[in-house]
Each structure stands twice: as C-alpha cells, then as structure tokens.
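Breakdown of the fold
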Amino acid sequence: MLAAHSRTLARVALTRATLRPTAAIGVRFSSVWSNVPMGPPDAILGVTEAFKKDTDSRKMNLGVGAYRDDAGKPFVLNCVRKAEDKIMKDLLDKEYAGITGVPEFTKGAALLAYGADSAPLNEGRIAITQTISGTGALRVGGEFLARWFPTSKKIFVPTPTWGNHIPIFKDSGLEVNYYKYFDKNTNGLDFVGMVNDIKNAPKGSVILMHACAHNPTGVDPSQAQWDELSKVVKDAGHFAFFDMAYQGFASGSTDKDAYALRKFVKDGHLVALSQSFAKNMGLYGERTGSFSLVTSSTEEKARVDSQIKIVVRPMYSNPPVNGARIVATVLNTPELNAEWLTEVKLMADRIITMRTQLKDHLVNEYKSKLNWDHITNQIGMFCYTGLTAEQVEKMKTEHHVYLTKDGRISVAGISSKNVAYLAKAIHEVTK
C-alpha cells in the first residue's frame, strides 16, 4: 500500500512539474510574433490623445476630420433621424444584401454623383457597387485597376493628398507616383506644375483627383482649370479616378461640387469614382459609400460588374445594409431629399462663416501683417494655414491648440466662441 501511494504522489508531482512554466522553457520557446515591430502612431490620433490629456479650459482640437456644430458637438442630420424612424417602422429584415449592395442605394448614389442628364447613367453604362465608405471604394477600385487596367499600374496622386490614399493603392498592387498640387509660397494651387506633371506622366497612367474640397489643403481648381485638366488628361491618354468625399459639403451645392466629375464624363472620359456619405450625411460610423466605373456599352458594363463582384466577394462578401438604407431613404424620398440639401448647405455655410471670421479677426482685430487670403480662398472642411512645424508646436504648448504638424486645421472644429482665441493664437506664433 505504501509503495502504491508513493507511486501516485510521484505521478502527481510529475504532472505538476510538466504544467508549471519554467525559465528554461521561456528561453527555449519565443513568441511567434516576437519579430513584429511597433508601427508608427497615427498622426491624427496622436493629436487627439494629446488634446485629451490637456486640462486647460481653452484647449481646441483641430485635428479630427468630422463635422461639429457651433457648440462643438457631433451633428446628426434631421433627415437622417427621420429616415431611421421610417426604416424602423417598416420592420425590414436583416438578410444579406447582394455583393454590390442595396440597389436603391446604388441607384440614388449614382444619380447624385453623375446627375439626371448624365448620358452614361441614362444609357445604363455605369457599373456601381456599394462599399465600406470611401476607403472601401478606393480599395475596391485599386484592386480592380491592378487586375484589369490595360496600360499601366502607375497611379499618380497629388502632393499632398489624403494620407490613406498611399497605403490603400500600394496594398492594392499599384505603383504610387505623385504630381505637383500645392504651392507653399501662395498657399494655393500650383496649376502649372500640376499640368506639367500630368502631361509628363507615362501615357496611360491613372490620375487620382479630388473632385472637390481637396483633403488636406482645401485648395480646388476653378471650373476653367477643370476644363483644361479634362483636355490635358485626355490628350495624354490617361485615366481619371475621382475621389468625391465631400459632395455638397464643400460649396453647399451638390451640383457645383460635382462639376469636375460631370465635366470629365461629358467630355467622354470613362472615369472611376469613389463616393462617400460620411461627411455630407454625417454617417461616419455607418461606413457607407460606393465605387463606380463608366463603361462604353451595356455589354461592357455587365462584364465589368461581374469582375467587381469577384473583387468584393473575398474582401468582405457583401456590405452592411443600415447606412445604405438611410442614404437610399433620404435620396429617394422627395421631402427628405429637400431637407438634406438644406442641411448640407447649413453645414457648408457654417464652415465658410468660420473661415471668414478667422480671417477677419487676424486682419482687422489683431492687425496681422501677413496675407491670410488663403483661409477664405480654400474650401471645405480643411485649411492649410501655412504654419510651420515650429509654429504648430507653439500653438500646442503655449496656446493649447492642437493640429497636425503640417499646419492643417479642421475648420469644423472652430466655433463662434473660440474663433477669436484661435486667431489670437495664430497671430502670436506668426508675428
């Protein structure tokens, strides 16, 4: 009995020893992820984190690209609330959408972007799919072009451009190149440099263009300049890919903000388009957008559509329905559409007003000797102030105003209560 008991105790001790981690095992077996390096922090999230830690009551966060009302609060549009109420009352199911999304959404989105008199739209030549907002649209578009664009895998983007454009297109398998865009001397458009770079790009390149409210500079070509660009791109044999994230949000007019896209289509370009409803309907978290391609015939459209589905299917299978239903209800219900156009103009006008007041305080109240015309010449949510990295640092440390190192501010973060304080801070670091 004693021997049997001893053998039992020995087995228990062996089992415990086997399960107990030891220093030797720790040395012998390292984690499979031990070679993964720390990635660089997101520039905008870093601004927000620093802002949150600041306890000064005057602090301002001008880094985040989301609309705020004059009280500094997130703004949910009334037309969106009404659309949500209608959707709830309709007791719709939660079944999967098709691969290309909710048909009522894609129909409304295409009409909004291309216009009621668009020949390709009326002739059924536009292939369109719902996407995971504008980011998803760009990725789907990049993947499609990498597989099927016949002449080049080079895509040219403006300098500067939205930071996410570059990794999106690189991860899609495209070679990212750049063309001149922003003139630091004037805080405006380097149109001559832009045209020359596009002309000199290899024939058949993809040219990415911001349809309106260029992010991050707020600098847009004039309509006359867009007319010239259409000819330049066509003569060079290039392909135009428009990113339209701010239709209606820039000028307050959905038609005016779609001028560039519609001009190119009217001139015969078979364009690609990334479209987002994050800003102009305030549907940031709903992730609602579309990717579309203008084709030469309905037969070509059917083939293109089939290949878009093949891109989407392994990527996310099919898109979520809630945001698409909201957009579809707003766009396709006349009274809600009218209310939305009023509300999107209200948002655009508030931003335009903040630009005017900021410039007015700098020039008339603080008597700045610098030229601040670019504040009101630029358009949309963002403004390239022209502040240097050193001045940006002073804005943060001396005035508790947080913005990205390139001097970009989100005008939506300015209100009637803090615009004078912001102007004073800018004046102090630039005088």
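All values derive from a computational prediction rather than experimental measurement. (Residues numbered from 1 in each chain as written. Predicted model: local features only at pLDDT ≥ 70, side-chain atom pairs only at ≥ 80, totals over all residues. Heavy atoms only, no water.)

1. What to know about helix α4 (residues 78–89)
Where we set the bar: Each helix is a run of H or I in the DSSP string that is no shorter than four residues. Each strand is a run of E no shorter than two, and both are numbered from the N terminus. The span expected for a helix works out to 1.5 Å for each residue beyond the first. Whether a residue is buried, partly exposed or exposed follows from its accessible area with a 1.4 Å probe, protein chains only, as a fraction of its type maximum: under 20%, in between, or over 50%, in that order. Of all possible arcs, the one meant is that of the directions from the helix axis to the C-beta atoms. Contact criterion: two residues are considered in contact whenever any of their non-hydrogen atoms come within 4.5 Å of each other.
Helix length check: α4 (12 residues) gives 17 Å between terminal C-alpha atoms against 16 Å at 1.5 Å per residue, within 8%. Among the residues of α4, those classed as buried are Cys79, Val80, Ala83 and Ile87. Buried residues of α4 fall within an arc of 100° about the axis and therefore sit on the same side. In α4, the exposed residues that point more than 90 degrees away from the buried face are Met88 and Lys89. Along its buried surface, α4 packs onto α14 (322–332) and α15 (334–365). Positioned one or two residues after α4, Leu91 has a phi angle of 50°, which is positive.

2. A few points about the confidence of the model for the protein chain
Definition in use: The quantity called pLDDT is the predictor's confidence in a given residue, expressed from 0 to 100.
Put simply, the protein chain has an average pLDDT of 93, and 93% of its residues get 70 or more. The model gives residues 12–19 a pLDDT under 50, and that stretch makes zero contacts with residues more than four places away or in other chains. Note that pLDDT drops below 50 for residues 22–26; the model gives that stretch zero contacts with residues more than four away or on any other chain.

3. Details of the packing of helix α7 (residues 133–148) against helix α13 (residues 298–316)
Inclusion rule: Fitted lines through C-alpha atoms give the axes, limited to the stretch in contact for helices. The angle between two N-to-C directions lies from 0 to 180 degrees. Note that the term roughly parallel is reserved for angles under 35 degrees, roughly antiparallel for angles over 145, roughly perpendicular for angles of 65 to 115, and oblique for everything else. Two helices that cross are described as forming a left-handed crossing if the nearer one is turned anticlockwise from the farther one by less than a right angle, and a right-handed crossing if clockwise. Three classes are used: nonpolar for Ala, Val, Leu, Ile, Met, Phe, Trp, Tyr, Cys and Pro, charged for Asp, Glu, Lys and Arg, and polar for all others, with Gly counted as polar.
It is at 10 Å that the axes of α7 and α13 come closest, and there the two elements cross at 120°. Taken together, the axes of α7 and α13 are oblique relative to one another. Handedness of the α7/α13 crossing: right-handed. Here Arg139, Val140, Glu143, Phe144, Arg147 and Trp148 of α7 come into contact with α13, specifically with Val304, Gln307, Ile308, Ile310, Val311, Val312, Met315 and Tyr316. Considering only residue class, the contact of α7 with α13 consists of 10 nonpolar, one polar and three charged.

4. A closer look at the pattern of salt bridges
Quick note on the threshold: Any Lys or Arg side-chain nitrogen found within 4 Å of a carboxyl oxygen on Asp or Glu counts as a salt bridge.
Going through the model one piece at a time under the given rule, you end up with 20 salt bridges. Here Lys345 makes a salt bridge to Asp349, at a shortest N to O gap of 2.7 Å. Placement of the pair is Lys345 and Asp349 together in helix α15, with a separation of four residues, close to one helical turn. A salt bridge links Glu428 to Lys431; its shortest N-O distance comes to 3.2 Å. Overall, Lys431 belongs to the exposed group, its relative accessible area being 66%.

5. Remarks on the nonpolar core
Definition in use: The term nonpolar core refers to a set of buried residues drawn from Ala, Val, Leu, Ile, Met, Phe, Trp, Tyr and Cys, joined through side-chain atoms within 4.5 Å.
Counting 94 residues, the largest nonpolar core has Tyr114, Phe242 and Leu358 as its most contacted members. Looking at this core, the element that brings in the most residues is α15, giving eight residues. Here Leu358 is in contact with Ile375, Ile409, Ile414, Val419, Leu422, Ala423 and Ile426, once residues within four sequence places are set aside. Core analysis: the second largest hydrophobic core is formed by 25 residues, Ile155, Val157, Phe291 and Ile308 among them.

6. Considering a nonpolar patch on the surface
The following threshold applies: Think of a patch as exposed residues, more than 30% relative accessible area, with no salt bridge, where like charges cluster within 9 Å and nonpolar side chains (Val, Leu, Ile, Met, Phe, Trp, Tyr) cluster within 5 Å. For the area figures, the Shrake-Rupley method with a 1.4 Å probe applies, and any residue is considered shielded solely by the protein chains shown.
A cluster of nonpolar side chains, Val32, Trp33 and Val36, forms an exposed patch at the surface whose accessible area comes to about 390 Å². In this structure, Val36 sits in the loop between α2 (23–28) and α3 (43–53). Val36 gets classed as exposed once you look at its relative accessible area, which sits at 52%.

7. Regarding the environment of Phe241
Structurally, Phe241 is set in strand β8 (residues 239–244). In this structure Phe241 comes out as buried when scored by relative accessible area, which is 0%. Separated by 35 residues in the primary sequence, Phe241 and Val206 place their C-alpha atoms 6.8 Å from one another.

8. With respect to the side chain of Ser290
As a reminder, the rule being used: Between N or O atoms, a polar contact is any pair within 3.5 Å; within protein, one atom must be a potential hydrogen donor and the other a potential acceptor, and residues adjacent in sequence are included only when both atoms are from side chains.
Mapped onto the fold, Ser290 is located in strand β10 (residues 288–294). Judged by its relative accessible area of 0%, Ser290 is buried. At a separation of 2.8 Å, a polar atom in the side chain of Ser290 contacts the side chain of Gln275. Setting aside residues up to four positions removed in sequence, Ser290 forms contacts with Phe105, Ala109, Ile128, Thr129, Gln130, Thr131, Ala137, Leu273, Ser274 and Gln275.

9. A few points about the pairing of strand β7 (residues 206–210)
Along a regular strand, successive side chains alternate from one face of the sheet to the other. Stated precisely, the cut-off is as follows: Paired strands, as defined in this entry, are two strands with at least two bridges between them according to DSSP. With the strands aimed away from the viewer, a crossover counts as right-handed if its path from the first strand over the helix to the second runs clockwise.
β7 sits mainly inside the fold: five of its five residues count as buried. Covered by surrounding structure in β7 are Val206, Leu208 and His210 together with Ile207 and Met209, the residues of both alternating faces. Of the pairings in the sheet, the one linking strand β3 (residues 154–159) to β7 comprises two bridges and is parallel in character. When the sheet's bridge partners are listed, Phe156 is paired in β7 with Ile207. Examined bridge by bridge, β7 and β8 share five bridges and lie parallel to one another. Within β8, the position partnered with Val206 by the bridge is Phe239. Note on the crossover from β7 through helix α10 (residues 223–235) to β8: the handedness is right-handed.

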